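Read off the chains here:
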Amino acid sequence: MTPIFNTTPPKTINDMVMDQMCNNPCCFFCIMKEPDTSLRRSGLATCFKEMSVINRDDQQHVLVLSGLWNIAMAQPDDPEFISLGIFDCMVSLLEKGTNDRSWLFRDQNIYIPYYAAHVIGSYTMNKVEFAEKAVLAGVIPPLMELLRGKISWVEQRVAVRALGHLASYERTFEAVAAYEEELVRLTMNLASTCLDQVYTKLVGVKDEKRRSKYHCDLLTRGVGGLEMENRKAEEWASQLQCWSLYLLNCFACKERSLNLICNQGFLVDLCGMWGGLVNHSSAAGVGLIRILCYSKYGRQNISESKQVLENLCHLSRSSDDWQYMGIDCLLLLLKDIDTRYKVIEIVTMFLIDLVELKSLGDRSNLGETITKTLLLDYKQSKFRIKNSHVLKALQQTWELKVERRKREKTMSVEKIEEKRVLVNLIKQQANHVFWLGDVEEAIKMYNEALDTCPLKLRKERMVLYSNRAQCYLLLRDPDAAIRDSTRALCLSNPTNSHGKSLWRRSQAYDMKGLAKESLMDCIMFINSVTTTTTNKRVKIPYYAARMISKQMEATWLFVNAQSKFTRSDDDYEISSSEDDHQLECDEMMRQMMMMMEKKGIASGLSTIIEEPLIVKGKNWREMERARRRNKTAFNVMARSM
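All values reported here derive from a predicted model rather than from experimental measurement.

How each quantity is defined
- Residues numbered from 1 in each chain as written.
- Predicted model: local features only at pLDDT ≥ 70, side-chain atom pairs only at ≥ 80, totals over all residues.
- Heavy atoms only, no water.
- Helix = DSSP H or I, 4+ residues; strand = E, 2+ residues; numbered from the N terminus.
- Buried < 20%, exposed > 50% of the residue type's maximum accessible area, 1.4 Å probe, protein only.
- Areas by Shrake-Rupley, 256 points an atom, 1.4 Å probe, with all protein chains shown as cover.
- Salt bridge = Lys/Arg side-chain N within 4 Å of Asp/Glu carboxyl O.
- Arc of directions from axis to C-beta.
- Contact = heavy atoms within 4.5 Å.
- Axes fitted to C-alpha atoms, helices over the stretch in contact; angles between N-to-C directions.
- Parallel < 35°, antiparallel > 145°, perpendicular 65-115°, else oblique.
- Left-handed = near helix turned anticlockwise from the far one by under 90°.
- Nonpolar A, V, L, I, M, F, W, Y, C, P; charged D, E, K, R; others polar.
- Phe/Tyr/Trp six-rings, centres within 6.5 Å; stacked < 30°, edge-to-face > 60°.
- Lys NZ or Arg CZ within 6 Å of the ring centre and 35° of its normal.
- Core = buried A, V, L, I, M, F, W, Y, C linked by side-chain atoms within 4.5 Å.
- Patch = residues over 30% accessible without salt bridge, like charges linked within 9 Å, V, L, I, M, F, W, Y side chains within 5 Å.
- Polar contact = N/O pair within 3.5 Å; in protein donor to acceptor, adjacent residues only side chain to side chain.
- pLDDT = per-residue confidence, 0-100.

Time to look at the overall build of the protein. Broken down by element type, the protein carries 36 helices and four strands. The buried share among the 641 residues of the protein stands at 56%. Approximately 28600 Å² of the protein is accessible, and the part contributed by carbon and sulfur atoms is 50%.

For the structure on display, the rule yields 34 salt bridges. Through salt bridges with shared partners, one network takes in Glu 145, Arg 148, Lys 150 and Glu 182.

Residue Pro 494 is bonded to the preceding Asn 493 through a cis peptide linkage, with omega at 0°. Tracing the chain through its elements places Pro 494 in the loop between α29 (478-491) and α30 (499-512). Positioned with a positive phi, Ser 257 is a non-glycine residue whose angle comes to about 55°. Among the structural elements, Ser 257 can be located in the loop between α15 (226-252) and α16 (258-261). Overall, the relative accessible area of 11% leaves Ser 257 in the buried class. Notably, Asp 377 is not glycine yet its phi reads approximately 55°, a positive angle. For Asp 377, the location among the structural elements is in the loop between α23 (366-374) and α24 (378-384).

Okay, α23 next. Among the residues of α23, those classed as buried are Leu 366, Gly 367, Ile 370, Thr 371, Thr 373 and Leu 374. For α23, the buried positions fall inside an angular range of 165° around the axis, keeping them on one side. Where α23 is buried, its residues touch α21 (323-335), α22 (337-351), β1 (359-360), β2 (363-364) and α25 (388-408).

On to the packing of α30 against helix α31 (residues 515-531), then. Orientation of α30 relative to α31, taken along the N-to-C sense of each, is 160°, at an axis distance of 8 Å. Relative to α31, α30 is oriented roughly antiparallel. Helix-helix and strand crossings are classified by hand; for α30 and α31 the assignment is left-handed. Taken together, the residues of α31 that come into contact with α30 (itself represented by Gly 499, Leu 502, Trp 503, Arg 505, Ser 506, Tyr 509 and Asp 510) are Glu 517, Ser 518, Asp 521, Cys 522, Met 524, Phe 525 and Ser 528. Residue composition of the contact of α30 with α31, by class: six nonpolar, four polar and four charged.

This brings us to the packing of aromatic side chains. For the structure shown, the criterion picks out 17 aromatic pairs. A centroid spacing of 5.5 Å and a plane angle of 70° characterise the contact between Tyr 114 and Tyr 115, whose relative ring orientation is edge-to-face. The exposure class of Tyr 115 is buried, given its relative accessible area of 1%. Centre to centre, the rings of Trp 556 and Phe 558 are 5.5 Å apart; their planes meet at 75°, and the pair counts as edge-to-face. Phe 558 carries the same exposure label as Trp 556, and that label is buried. An aromatic cluster is defined as three or more aromatic residues linked by ring pairs; in this entry it consists of Phe 28, Phe 29, Phe 48 and Phe 81. Stacked on the ring of Trp 243, the Lys or Arg Arg 161 has its end atom at 5.8 Å from the ring centre. Arg 384 extends its terminal NZ or CZ atom over the ring of Tyr 341, reaching a point 4.0 Å from the ring centre.

Let us now look at the environment of Lys 500. Inspection of the secondary structure puts Lys 500 in helix α30. Separated by 30 residues in sequence, Lys 500 and Gln 470 have C-alpha atoms that sit 9.1 Å apart.

Once that is clear, we can look at the packing of helix α28 (residues 458-474) against α30. How two helices sit against one another is set out by the angle between their axes and by the gap between those axes. Where α28 contacts α30, the axes come no closer than 10 Å and their chain directions differ by 30°. Comparing their axes, α30 and α28 come out roughly parallel. The element α28 and its partner α30 pack so that their crossing is left-handed. Between α28 and α30, the contacting residues are Ser 466, Asn 467, Gln 470 and Leu 473 on the first element and Lys 500, Ser 501, Arg 504, Gln 507, Ala 508 and Met 511 on the second. When its residues are assigned to classes, the contact of α28 with α30 shows three nonpolar, five polar and two charged.

Attention shifts here to the nonpolar core. Residues Ile 86, Met 90, Leu 143, Phe 266 and Ile 302 are the most contacted members of the largest nonpolar core, which totals 149 residues. Residues contacting Phe 266, with those up to four places away along its chain left out, are Met 188, Ala 191, Ser 192, Leu 245, Leu 248, Ile 261, Met 273 and Leu 288.

A few words on a nonpolar patch on the surface. A cluster of nonpolar side chains, namely Val 421, Leu 422 and Leu 425, defines an oily patch on the protein surface of about 260 Å² accessible area. Along the polypeptide, Val 421 turns up in helix α26 (residues 413-435).

Glancing now at the environment of Ile 523. Structurally, Ile 523 can be placed in helix α31. Placed 17 residues apart in sequence, Ile 523 and Ser 506 show a C-alpha to C-alpha distance of 9.4 Å.

Once that is clear, we can look at the side chain of Asp 521. Relative to the helices and strands, Asp 521 is located in helix α31. By relative accessible area, Asp 521 is classed as buried at 0%. Engagement of the side chain of Asp 521 in a polar contact is seen with the side chain of Ser 319, the distance being 2.6 Å. Look past the residues within four positions of Asp 521 in its chain and what remains in contact with it is Ser 319, Leu 502, Arg 505, Ser 506 and Tyr 509.

Our focus in this paragraph is helix α9 (residues 128-137). Residues of α9 that are buried include every one of Val 128, Phe 130, Ala 131, Ala 134 and Ala 137, and no others. One or two steps after α9, the chain reaches Gly 138, where phi turns positive at roughly 90°.

So, on to the environment of Leu 68. Within the element layout of this structure, Leu 68 appears in helix α4 (residues 60-74). When neighbours within four sequence positions are excluded, Leu 68 is seen to be in contact with Phe 28, Phe 48, Phe 81, Ile 86, Met 90 and Val 119.

A few words now on the confidence of the model for the protein. Residues with a pLDDT of 70 or more make up 83% of the protein, whose mean pLDDT is 86. Overall, residues 569-585 carries pLDDT values under 50, and its contacts beyond four positions in sequence, including any with other chains, amount to 30 contacts. Ignoring residues within four places in sequence, the model shows residues 601-640, a span with pLDDT below 50, making 77 contacts including any to other chains.

Encoded structure:
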C-alpha cells in the first residue's frame, strides 16, 4: 500500500510544548502547560473524549499522538493518562484508521494508527493494572486488525508488541487467547515472512521516490537519508520478528497451540531467526525452541527434525551468547527416554567436546551435567546404539571422565610435576616436527602428549588441543579442527577466551560454510586481541577484519530476502557498485563495534584495521599486495605453539 498524502514529518513534543497558546479550549499542548493539577486533569480528560468522538478532520491529532508517544516512551508507569481515558481514545482512533480508509489517507492521519498502537504497547509493558484497563477499553480487536495487515508492516510491528505485553500477564492472557488460533497463525507467518516484507517494501527499493514516505519519516523522524532509513529498517524488522516470537512464547509457555507452533516447516524457520547483530539482546528463534523443549509434545516434534537438531548442536559449540540455550535443549532431549535414542546419535558427537566445560554464565559444573546425561544408562545404551562412531565417542568419554579421573585421583603433586615436564618436552618435539612440515607426525605427538597430560593441567591440555586443531586446519579437516578448538575453549579460563582457538575455529566454521558461528568466534577473537594489549590504539589483524567482512555480509539480516528477490525483480535488486558495497561493509563493521561496546568489548579503545576491508572483489590487487605483506595464516597462528 503506497498512499499519496502530505508527509511533512510530525513535530516532536519539545517543539510543540514551545508553541504559543492557542484559542482551542481542548488543545492538548495548552492543557499540558496548565500549572493547576485539577484543571490539567479535567482538561486532558475532555481532550481525550473530544479526540474519540469528533468526526471532523483535525490535523492536530497526529501532533497530539506524536506527543503522547514521546510521553509514553519516557514515562510508561505514570498512571495519570491511564485514569483519564487514554486507552478509550486510542481504541477510537485505531478503529477509525482501520475502518475509514478515506480518512486514513487524508492529511497526516496515516501516522495515527502507528502512534496509537505504540502508546498502548508502552503503557502496558510494565504494569498488569494498566493492561487490564487496556483490555476493558477494547484494545485487542483493533490491534488484531493491525496484526492482520490491515495497513502495513510498520503497524504490525507495534501491534504485535502490544499484544505480546497483554499476553504476558496471567490476568489478561485469556482476553488475548480468545483469538488464539488466528493470532498464533498470523504471528507465525509474520515471524517467517517479515524480513522478506521489509526488504521488498523498503530496503531493497533503491529508488527513493518508490519508498513509502510515511514509513521513512517514522523510521528516521525526518532526519537522514537512505543509509539511515536502511539502518533503522533493519533494526525494526529484527524487532518485529523477535516480538512475534515473544508473543508465541506466551502461548508456548502455557503449552497452548503447540500443534500449530510445532509445525516442522516453522521449526526449521526458527533456526534461521537470530536477529543479527542489530538485536543481540533477544534469543530469537532458539528462545522459542527451548520453551518447546520443556514440553513433551515439543520435544517429540523437535527430535524428528534433523535440521533443528544440527542447528542446536552447532549453537552448543559456539561462542554465541545463547550457547547455553543450545546445550539446555540438547540435554532436555537426552533426558527424555522417549526422545533420547532418536537424537543421541546426532548430538553425542557434539556434546562430547563440552564435557570439560566448567561454567557458562551462571551455570556451574556444566561439563559434569553433560557427562552424566551422555553416560546415563551407559551399559544399556551400548545395545541400543548402532552407530560405531557414537559408541566409540561414549566409550572415550567414559574413559576420560570416569576411569582416568579415578586413576589420577591419588596422583601425588610430585608425579603431576613430572608429567608436566614430560608433556612439555613432547609438545616441543611436536612443534618442531610441525615446523618441519610433517603435520601428520605432529598430530601423533600431540595425541601422545594429551594421553600423558593429567586432567588437572587444564592450561597445558588447552594448548595441546589448540595446536592439534591448527594441524587439522592445514589438513583441511574442519570437523576435527572444530572439535579440538572447542575442547580447548572449554578448558580456557574464562570459557571461550583463548584467542588462538577462537581464530582457528572461526576458520574451520568458515570452511564448512557456517557463517554465523564463524562470525561470533571472530568477534570474540578480536575481543581477546583488544584485552591482551596495553596499547590504547589496538590494531585488528588484517585477516580477522577480512573474515569479519565476509561473514557479516553472509549473515546480514536480509541476505535471504536479497537472494530471493534480486533474481525475480530487478526493481528490488541491491546495487552492485563498489561504493555501495563499501558502504554496506562500513555499516556492518559499525554495527559489530557497537555490539562489542555494549558487551563491554573494546570499550574506550581506538581501533585500527591493519588493511582496508575487502568486499566482493573490491580492490583485489590491493588485497593481494596486502596479503603478501602480511604473514600467512600458517605462520601467524602457528607461532608460539
